[in-house]
Amino acid sequence: MSVIDAHAHLGDFPLFGESLDIAGLLRIMGEYNIELSVVSSLPNELTLEAVRRYPDRIAGLVRVNPLDENAVELIDRAIDDWGFRGVKMNPLFNNFLPDSEAVNPVMEAARRHRVPVLIHCGHPPWSLPWSFERLADRFPDVTIVMAHMGHGHIVYINGALDVAEDHDNIAVDTAGMTMHSKIREAVERLGDDRAMYGSDMPLGHPAWEIPKVKVSGLGRERLRKVLHDNAIEIYKLDKR
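Model, not experiment: these values are computed from the prediction.

This part is about the side chain of threonine 47. Turning to its location among the elements, threonine 47 is positioned in helix α2 (residues 44-53). Here threonine 47 falls in the buried class, since its relative accessible area comes to 0%. In terms of polar contacts, threonine 47 uses its side chain to reach the side chain of serine 41, at 2.9 Å. Those residues in contact with threonine 47 that lie beyond four places of it in its chain are Val39, Ser40, Ser41, Gly60, Leu61 and Phe84.

This paragraph deals with the packing of helix α7 (residues 154-165) against helix α8 (residues 181-190). Direction vectors running N to C along α7 and α8 enclose 20 degrees, while the axes themselves pass 9 Å from each other. In terms of their interaxial angle, α7 and α8 are classed as roughly parallel. Once α7 is placed against α8, the crossing between them reads as right-handed. Facing Ile154, Ile157, Asn158, Leu161, Asp162, Ala164 and Glu165 of α7, the residues of α8 in contact are Lys182, Glu185, Ala186, Arg189 and Leu190. For the contact of α7 with α8, the per-class residue count stands at six nonpolar, one polar and five charged.

What follows concerns the nonpolar core. Counting residues in each nonpolar core, the largest one holds 65 residues, and the members touching the most others are Val64, Val87, Met89 and Met107. Not counting residues within four places of it along the chain, the set of residues in contact with valine 87 comprises Leu61, Val62, Val64, Ile75, Val106, Val115, Pro116, Val117 and Leu118. Counting residues in each nonpolar core, the second largest holds 16 residues, with Ala6, Leu36, Ala147 and Ile232 among its members.

Further remarks concern the pattern of salt bridges. This structure, assessed with the given rule, holds 17 salt bridges. Among the ionic pairs, aspartate 168 bridges to arginine 194, the shortest N-O distance being 4.0 Å. Taken together, the residues aspartate 168 in the loop between α7 and β8 (170-173) and arginine 194 in the loop between α8 and β9 (195-196) connect sequence positions 26 residues apart. Take arginine 194: its relative accessible area is 12%, and that puts it in the buried class. Across the pair lysine 212 and glutamate 209 runs a salt bridge, and its minimum N-O distance is 2.5 Å. With lysine 212 and glutamate 209 both in helix α9 (residues 206-214), this residue pair falls three residues apart, about one helical turn. Of the residues examined, lysine 212 reaches a relative accessible area of 10% and is grouped as buried.

Cut-offs used in this document
Residues numbered from 1 in each chain as written. Predicted model: local features only at pLDDT ≥ 70, side-chain atom pairs only at ≥ 80, totals over all residues. Heavy atoms only, no water. Helix = DSSP H or I, 4+ residues; strand = E, 2+ residues; numbered from the N terminus. Buried < 20%, exposed > 50% of the residue type's maximum accessible area, 1.4 Å probe, protein only. Polar contact = N/O pair within 3.5 Å; in protein donor to acceptor, adjacent residues only side chain to side chain. Contact = heavy atoms within 4.5 Å. Axes fitted to C-alpha atoms, helices over the stretch in contact; angles between N-to-C directions. Parallel < 35°, antiparallel > 145°, perpendicular 65-115°, else oblique. Left-handed = near helix turned anticlockwise from the far one by under 90°. Nonpolar A, V, L, I, M, F, W, Y, C, P; charged D, E, K, R; others polar. Core = buried A, V, L, I, M, F, W, Y, C linked by side-chain atoms within 4.5 Å. Salt bridge = Lys/Arg side-chain N within 4 Å of Asp/Glu carboxyl O.

Read these as layout, nothing more, since geometry by itself doesn't imply function.
Structure below.
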């Protein structure tokens, strides 16, 4: 079964002591039968170069800080000119809450382009799952991907599932989420179409992220959806 990685990165991450270039990403993808990776990076030019060089292997998300005055302009360029498939924001690194008013122009741009918005989730104080509720209510027609599904804390993981269950426009990815059984619970509570596999490369690795999904207790059809099909539908990868 081939895999689509819905959450990967390129570049240097000195805080974590990690880095990954295009060649390294493609090598890992080949080793683990990953058909395509959805990538966001800083600077965005790293993603753009990868998409232009390997359009059949890499899909791009534009990374924006909603506090920057050029955020909407950058989204327009990335979607219209670069062919990117969505938007990425990180409240933890940029110090904003997902439901803050500053996020509205980004969400409005995503709605206009009909693309999903991936938002980091799982670290206090900026990216806890309950901060996604009002945002999802304000933009019910924009797909919000709750990255990491609450990450490594069971209270946040449960909270992410609670919030997503109450909002049909919230999907989740599995990158860095520590409990394999919660992947099956996510599918059972949210439905077959709203959970996606992600590795968080280079901060995570498919060597353990893929087996985590495979041992979660999903049947073959649901497993194929999480590891492959749902990312195609959510990021519209078949329309690239």
